[in-house]
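One-letter residues, chain by chain:
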Amino acid sequence: MAYVTKDQIAAARELDLLTYLQRYMPEELVKASAGTYSTRSHDSLKISNGKWYWWSRKIGGVSALDYLVKVLGFPLPVAVAHIYDCAGRTLPAPVRPRGNPQHTLPTAANASPRASPARMQDDGKTLVLPEAYPNNRRVFAYLSSRGIDGEIINFCIEHRMLYEDAAHHNAVFVGYDGKTPRYGFARSTLSCSTFMRELTGSEKRFCFQIPAQKKDANMVCVFESAIDALSFASILKQDGVDWRMAHYLSLGGAAMKKEGLPPALVHFLAVHSQVQKLVLCLDNDSTGQRVAQTIIAAAPNFRAAYVPPATGKDFNEMLCAMKGITSRAKTRGHKEEVR
C-alpha cells in the first residue's frame with residue numbers, strides 16, 4: 001500500500017486504542033487500576049480517559065492509528081490498511097512499479113494456499129494446509145506485538161508466505177517449490193500459548209524463505225525459524241538498511257544430524273548457484289553454536305560465518321529489546337502436539 005487518502009486516514013483515526021485492543025488484541029491489554037490500562041508489551045504505556053501515553057518514551061495519542069505508527073513503527077499506509085482490515089473493509093490494491101520483477105514470488109494471482117487444505121506432492125506426500133480466515137488481523141497483531149515491522153508482515157501476506165488459518169487463527173508460514181506450496185508451519189497467535197508444529201506432509205528442503213530483491217544476490221542469511229528471519233529483516237529496516245539485499249532461509253528448527261548440511265540449505269544452494277556467502281544467524285546458545293560449526297565444516301567452499309544476535313537468545317529477543325517490548329511468549333523448541 002503506497003498511498004492512502006485523507007478521508008481514509010480520518011476514518012482510521014476514529015478507532016480509539018482501548019477499543020482496538022479490546023477487540024483485536026485482548027491478550028495485550030492489562031488493567032492497571034480503575035479506568036486505567038497498560039499493555040503487556042509496554043508496562044509504562046497507560047490508557048485512560050480515551051487517550052494513551054507512553055511515559056518511558058514521552059509520546060502519546062488518542063487513536064489506534066497513532067499507536068500503530070508511533071509505538072509499533074508501522075508506515076502510515078500500512079497502519080491504515082490494517083485498521084480497515086480489522087473492520088472488514090478493503091482499501092484499493094497497492095500500485096506496483098512497472099517492469100519485470102527480479103524474482104517470481106507467489107502472489108494472490110499465481111499461488112494460494114487458501115484454495116485447498118491439502119496438496120499432493122510429486123513424491124506422493126500430501127501437504128495439509130489449513131483453510132485461511134478471510135483476514136489476517138490476528139496474525140498481523142501477534143507478529144506486531146513481537147516487534148516485527150508491519151510492512152514486512154504485509155509483504156509476506158501479499159506473497160502468500162504467511163496467512164491466518166480459519167479454525168484456530170494460527171499464523172501459518174508457507175514454503176514453496178516454485179509456485180507450489182511444499183512446506184507449512186503453524187504457530188499460535190495467542191501470547192500465552194507455546195503451540196507450534198510443522199504441518200503434515202511438509203518437506204524440510206522447502207522451508208520458509210524470502211528471496212533477495214536481485215536475482216544475482218550472492219548471500220543468504222540462515223535462521224532457525226521464520227520469526228527470527230522476519231525479526232532480522234525488521235532490525236535491518238529499522239537501521240535504514242535494504243532488508244532485501246540478501247536471501248532469507250529458515251531451517252525449520254535447529255535439530256540436524258552431526259555432519260553435513262540441513263536439507264533446506266542443501267536444496268537452497270543447489271537452486272541458487274550464485275550464492276557464495278552464508279550468514280548463519282542462529283540462536284546464541286550451545287545448539288546454535290553447534291549447528292553453525294557443523295554447517296561451516298560442511299561448506300568449505302563457501303564464505304560462512306556465525307553471526308548470533310548481539311543481545312538475547314535469538315533475533316526476536318534482540319528486536320524486542322531494541323523496541324522496548326518487555327514481554328514475549330516463550331517458545332522453546334518445536335511442539336509436536338496436534339491441534
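The paragraphs below set out a description of the structure included in this document. (Residues numbered from 1 in each chain as written. Predicted model: local features only at pLDDT ≥ 70, side-chain atom pairs only at ≥ 80, totals over all residues. Heavy atoms only, no water.)

### A look at the pairing of strand S4 (residues 51–54)
Put simply, the rule is: Whether a residue is buried, partly exposed or exposed follows from its accessible area with a 1.4 Å probe, protein chains only, as a fraction of its type maximum: under 20%, in between, or over 50%, in that order. Runs of H or I in DSSP of at least four residues are treated as helices and runs of E of at least two as strands, each being numbered from the N terminus. Paired strands are those between which DSSP finds at least two bridges.
Side-chain alternation along S4 places Trp52 and Trp54 on a buried face and Lys51 and Tyr53 on a face that remains uncovered. Summarising the sheet, strand S3 (residues 45–48) and S4 pair through four bridges and their orientation is antiparallel. Bridge pairing in S4 links Ser48 to Lys51. What sits between the antiparallel neighbours S3 and S4 is a turn of two residues, in which Asn49 has the positive phi angle 55°. Pairing geometry for S4 and strand S5 (residues 59–61), over three bridges, is antiparallel. Along S5, the bridge assignment pairs Trp52 with Gly61. Linking S4 back to S5 in an antiparallel pair, the connection comprises four residues, with Lys58 at a positive phi of about 60°.

### A short note on helix H9 (residues 286–298)
Operational definition: By definition here, a helix of n residues has an expected span of 1.5 Å times n minus one. Directions pointing from the helix axis toward each C-beta atom define the arc.
For H9, with 13 residues, the first-to-last C-alpha span of 18 Å sits near the 18 Å given by 1.5 Å per residue. Of the positions making up H9, those classed as buried are Gly288, Val291, Ala292, Thr294 and Ile295. For H9, the angular spread of buried residues about the axis comes to 160°, placing them on one side. When the buried face of H9 is taken as reference, the exposed residues oriented beyond 90 degrees from it are Ser286, Gln293 and Ala297.

### Points about the packing of aromatic side chains
The criterion, for reference: Here is the rule: rings of Phe, Tyr and Trp (six-membered ring for Trp) pair when centre to centre is within 6.5 Å. Planes less than 30 degrees apart are stacked, more than 60 are edge-to-face, and the remainder are tilted.
For the coordinates displayed, the defined rule picks out ten aromatic pairs. Measuring from centroid to centroid gives 5.7 Å for Phe173 and Phe208, while their planes differ by 85°, and the two rings are edge-to-face. With Phe173 in strand S9 (residues 171–177) and Phe208 in the loop between strand S11 (196–198) and strand S12 (209–210), this pair connects stretches of sequence that are 35 residues apart. On the basis of relative accessible area, Phe173 is assigned to the buried category, the value being 2%. Between Phe223 and Phe315, the aromatic rings sit 6.4 Å apart at their centres with planes inclined by 80°, giving edge-to-face as the arrangement. Here Phe223 is found in strand S13 (residues 219–223), whereas its partner Phe315 is found in helix H10 (residues 315–323), with 92 residues between them in sequence. The pair Phe223 / Phe315 is uniform in exposure class, with both members buried.

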